[in-house]
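Results of the structural survey
Given next are the chains, with one letter for each unit.
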Amino acid sequence: MSFVVAIDGPAAAGKGTVAKAVAAHFGFAHLDTGLLYRVVGRVALEKIGPSLEEDAVIALATEVSEADLERDDLRTAAVAQAASKVAVIPEVREALVTFQQTFAARAGGAVLDGRDIGTVICPDADVKLFVTASAEVRAERRYKELAARGEETDFDTVLADVQARDARDSERDVAPLAAAEDAIVLDTSEMSIDDAVAAAIAAVDARHG
Ligand code: DC
């Protein structure tokens, strides 16, 4: 039997951590859908260059495979911005729908995290969570993550990046970042990650039993 948990939210709100913990707790499979857009962004930067010319990007998006998600060069700030840019192109989003819906339909349960899972990809998800936090708190978390990985950056640059991505992800015409009407909103600005995970597990438990 399939059981789908949709987790959406802006960059660095903690949805990845929450999604992984929920998947581990219930034994569900987990798909970080941001990786799909990051693969397209990464390959586009390599093969097309910074122009990210639309037709060429669309052609690349049709070739994304599960193996690409294992690449170890998808988590940089440059790739995040490229991902957010290619994600604006409707044909790119369309090319990635089947992969996500097939993943969601697998037996045994699935957790998908992204921007449009509860609204577009899995509108009938069993549980929908919208994990958010203030831009400053998210930038602080992302800054620490990047610094720990040795990426050279400063807080103001990271905050500007987070705000630029928020604006692009929320204001695009197709599948913008938004909480589904029936989503449970978890604001993690003043919540520890353990508390956010516990709240998410409780919400899923209430539906899954
Ligand atoms: O979650 P992330 O930071 O890895 O996502 C990278 C970009 O991909 C994000 O800025 C917007 C895009 N994205 C999207 O448009 N829809 C999704 N379901 C997931 C990510």
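Everything below is about the structure printed above this text.
These remarks concern the structure in this document. (Residues numbered from 1 in each chain as written. Predicted model: local features only at pLDDT ≥ 70, side-chain atom pairs only at ≥ 80, totals over all residues. Heavy atoms only, no water.)

If you check the shell around the ligand, you find 15 residues, and the closest are R38, R93, R165, D169 and R172. Within the contact set of the ligand, an oxygen atom lies 2.8 Å away from a side-chain nitrogen or oxygen of R93. D169 places a side-chain nitrogen or oxygen 2.9 Å from an oxygen atom of the ligand. Here the ligand loses 97% of its free accessible area of 450 Å² to cover by the protein chains. Contributions of two or more residues to the shell around the ligand are made by α2 (34-47), α4 (77-86) and α8 (155-171). At three residues, the largest contribution of residues to the shell around the ligand is made by α2. (Near = heavy atom within 4 Å. Polar contact = N/O pair within 3.5 Å; in protein donor to acceptor, adjacent residues only side chain to side chain. Areas by Shrake-Rupley, 256 points an atom, 1.4 Å probe, with all protein chains shown as cover. Helix = DSSP H or I, 4+ residues; strand = E, 2+ residues; numbered from the N terminus.)

What follows covers α8. Helix length check: α8, at 17 residues, gives a terminal C-alpha distance of 24 Å against a target of 24 Å (1.5 Å per residue), a fit within 8%. All of the buried residues along α8 are V158, L159, V162, R165, D166 and D169. Viewed along the axis of α8, the buried residues span an arc of 130°, placing them on a single side of the element. Residues of α8 that are exposed and angled more than 90 degrees away from the buried face: D156 and E171. Taken together, the buried residues of α8 touch α2, α4 and α7 (135-148). Its side-chain oxygen placed 3.2 Å from the backbone nitrogen of D156, D154 serves as the N-cap of α8. (Expected span 1.5 Å × (residues − 1). Buried < 20%, exposed > 50% of the residue type's maximum accessible area, 1.4 Å probe, protein only. Arc of directions from axis to C-beta. Contact = heavy atoms within 4.5 Å.)

What follows covers the environment of R106. As for its position among the elements, R106 is in the loop between α5 (90-104) and β3 (110-114). For R106, a relative accessible area of 35% corresponds to the partly exposed category. Those residues in contact with R106, other than ones at most four positions away along the chain, are S2 and A29.

Next up on the list: α5. Since there are 3.6 residues in each turn of an α-helix, residues three or four apart along the chain are aligned in direction. Between its first and last C-alpha atoms α5 spans 21 Å; for 15 residues at 1.5 Å apiece the expected length is 21 Å, and the two agree. The largest bend in α5 is about 35°, located at V97. Along α5, the residues that are buried comprise V92, R93, L96, Q100, F103 and A104. (Bend = angle between axes of the 7 residues up to and from the residue.)

Now for the side chain of T188. On the secondary structure map, T188 appears in the loop between β5 (184-187) and α9 (193-208). The exposure class assigned to T188 is buried, which follows from its relative accessible area of 2%. If near-sequence neighbours (up to four positions away) are discounted, T188 is found in contact with A13, V131, T132, A133, R141 and A196.

It is a general feature of regular strands that their side chains alternate between the two faces of the sheet. Taken across its five residues, β3 has five buried, putting it largely inside the fold. Neither face of β3 is exposed, since A110, L112 and G114 on one face and V111 and D113 on the opposite face are all buried. In this structure, strand β1 (residues 4-8) lies alongside β3, joined through five bridges in parallel fashion. Pairing of V4 across the sheet is with A110, part of β3. As defined by bridge partners, strand β2 (residues 29-32) adjoins β3 across four bridges and the pair is classed as parallel. (Pairing = 2+ DSSP bridges.)

Looking now at a negative patch on the surface. A surface patch of like charges, here negative, comprises E53, E54, D55, E91 and E94. The set of elements that each furnish at least two residues to the negative patch consists of α3 (54-61) and α5. Residue placement: E53 occurs in the loop between α2 and α3. (Patch = residues over 30% accessible without salt bridge, like charges linked within 9 Å, V, L, I, M, F, W, Y side chains within 5 Å. Salt bridge = Lys/Arg side-chain N within 4 Å of Asp/Glu carboxyl O. Lys, Arg positive; Asp, Glu negative; His and termini not counted. Charge placed at Lys NZ, Arg CZ, Asp CG, Glu CD.)

Here the structure, examined in full by the defined rule, presents 14 salt bridges. A salt bridge links D73 to R71; the shortest N-O distance between them is 2.8 Å. A salt bridge links D182 to K128; its shortest N-O distance comes to 3.1 Å. On the criterion of sequence distance, the pair formed by D182 in the loop between α8 and β5 and K128 in strand β4 (residues 127-132) is long-range, its members being 54 residues apart. You can call K128 buried: its relative accessible area is 8%. What you see here is one network of salt bridges that share partners, running through R42, E46, R71 and D73.

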